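The lines below spell out each chain.
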Amino acid sequence: MKKALKWIAPLLVWAVTLPIAAAAQTGETSASPIGFGNKDYRWERMTPELPLVLALDRDAARGREAYRGCRGCHKDSGIGLVDGTYPRLAGQHAQVILKQATDTRAGIRVNPKMEPFAAEHAVTQQELADIAEFLSKARTTKENGKGTGDPAELARAKAIYSERECGTCHGDLGEGVAGKFYPSVAGQHYGYLLRELEQIQEGKRGNGHPDMIKRMKGLSGKDLEALSDYMSRMTPEWVRKDAMAAVTPVAAPAPAASAGAKKKAK
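The notes below deal with the structure included here. Treat the numbers as computed from the prediction; the structure is a model and nothing was measured.

Turning our eyes to something else, we now look at the pattern of salt bridges. Within the structure shown, the criterion is met by 19 salt bridges. A salt bridge links Asp76 to Arg71; its shortest N-O distance comes to 4.0 Å. Look at Arg71 and you get partly exposed, because its relative accessible area is 29%. Several salt bridges share partner residues, and in doing so they unite Arg109, Arg195, Glu196 and Arg205 into one network.

Applying the stated rule across the entire model yields 0 disulfides. Looking at Cys73, it has no disulfide partner, and the nearest cysteine sulfur is the one in Cys70, 8.7 Å off. Note on Cys169: no disulfide assigned, nearest cysteine sulfur contributed by Cys166 at a separation of 8.9 Å. Looking at Cys169, the relative accessible area reads 18%, which means it is buried.

Further remarks concern the side chain of His93. By the secondary structure assignment, His93 is in the loop between helix 4 (71-74) and helix 5 (94-106). With near-sequence residues (within four places) excluded, His93 lies in contact with Ser136, Glu175, Gly176, Val177, Ala178, Tyr182, Ser184 and Glu237.

On to the nonpolar core. One finds Leu98, Leu128, Ile131 and Leu135 to be the most contacted residues of the largest nonpolar core, which totals 22 residues. Taken together, the elements giving at least two residues each to this core come down to helix 2 (49-54), helix 5 and helix 7 (125-137). When residues of this core are assigned to their parent elements, the largest contribution, 6 residues, is made by helix 7. Those residues within four positions of Leu98 in sequence are excluded, and the remaining contacts are Leu50, Val53, Leu54, Arg58, Leu128, Ala129 and Ala132. Counting residues in hydrophobic clusters, the runner-up holds 20 residues, among them Ile160, Val185, Tyr190 and Met216.

Conventions we followed
Residues numbered from 1 in each chain as written. Predicted model: local features only at pLDDT ≥ 70, side-chain atom pairs only at ≥ 80, totals over all residues. Heavy atoms only, no water. Salt bridge = Lys/Arg side-chain N within 4 Å of Asp/Glu carboxyl O. Buried < 20%, exposed > 50% of the residue type's maximum accessible area, 1.4 Å probe, protein only. Disulfide = S-S within 2.5 Å. Helix = DSSP H or I, 4+ residues; strand = E, 2+ residues; numbered from the N terminus. Contact = heavy atoms within 4.5 Å. Core = buried A, V, L, I, M, F, W, Y, C linked by side-chain atoms within 4.5 Å.

Without other data, these values stay purely geometric and don't point to any function.
Have a look at this one:
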């Protein structure tokens, strides 16, 4: 009964907030009063909860079970929706997922659709840690959402990505940096990337990185569309690693020494 109530509570909250969320743009709808723009905001400063969650032992098997309340939006495989309404979380760094979840719980990142499901009454710290581990190891063969694929625009986006030094945080191949909470952007849905870039540029994402906002200054809507398409077509790190493992030959075991060789060694 207690388990049933645990999932009924967030669903009731979701039902009440759905008309509001549906009427608003998916994701951030307003800047956070304690996030970017507040004089005391520091992106690198952890919420009091984050180090506690990071210190927990994470278990992917437990995470698969705890993830059941997330499947409605993020789907069984963590693929989300190809139109970008919900992001692809499969293969994302566990540390990144935990930072975003705890920032949402702390009110630094404002996300009306996620808040009921990430709230403390809906998921414990241990469950958060386990869900993040499960998603970091989740794999999917489903295609992510992409833009138009215009070769000229993709070439232009590649140049922008280099000139604006996006790879400093997100990596030259979009792999991100787990230990610094920089997300992998490779293979993310085009629609999600575009929406988040727009929100960050406008200062509407509460936990937007100040350096990223500076580097995006002056970029046009077309630039953001091209960048989003370019990143959506990057190959996720886990796909590259799995492909490499599949073609790397396994070293043959050394031949056993003959009886004569063993006697000679003695």
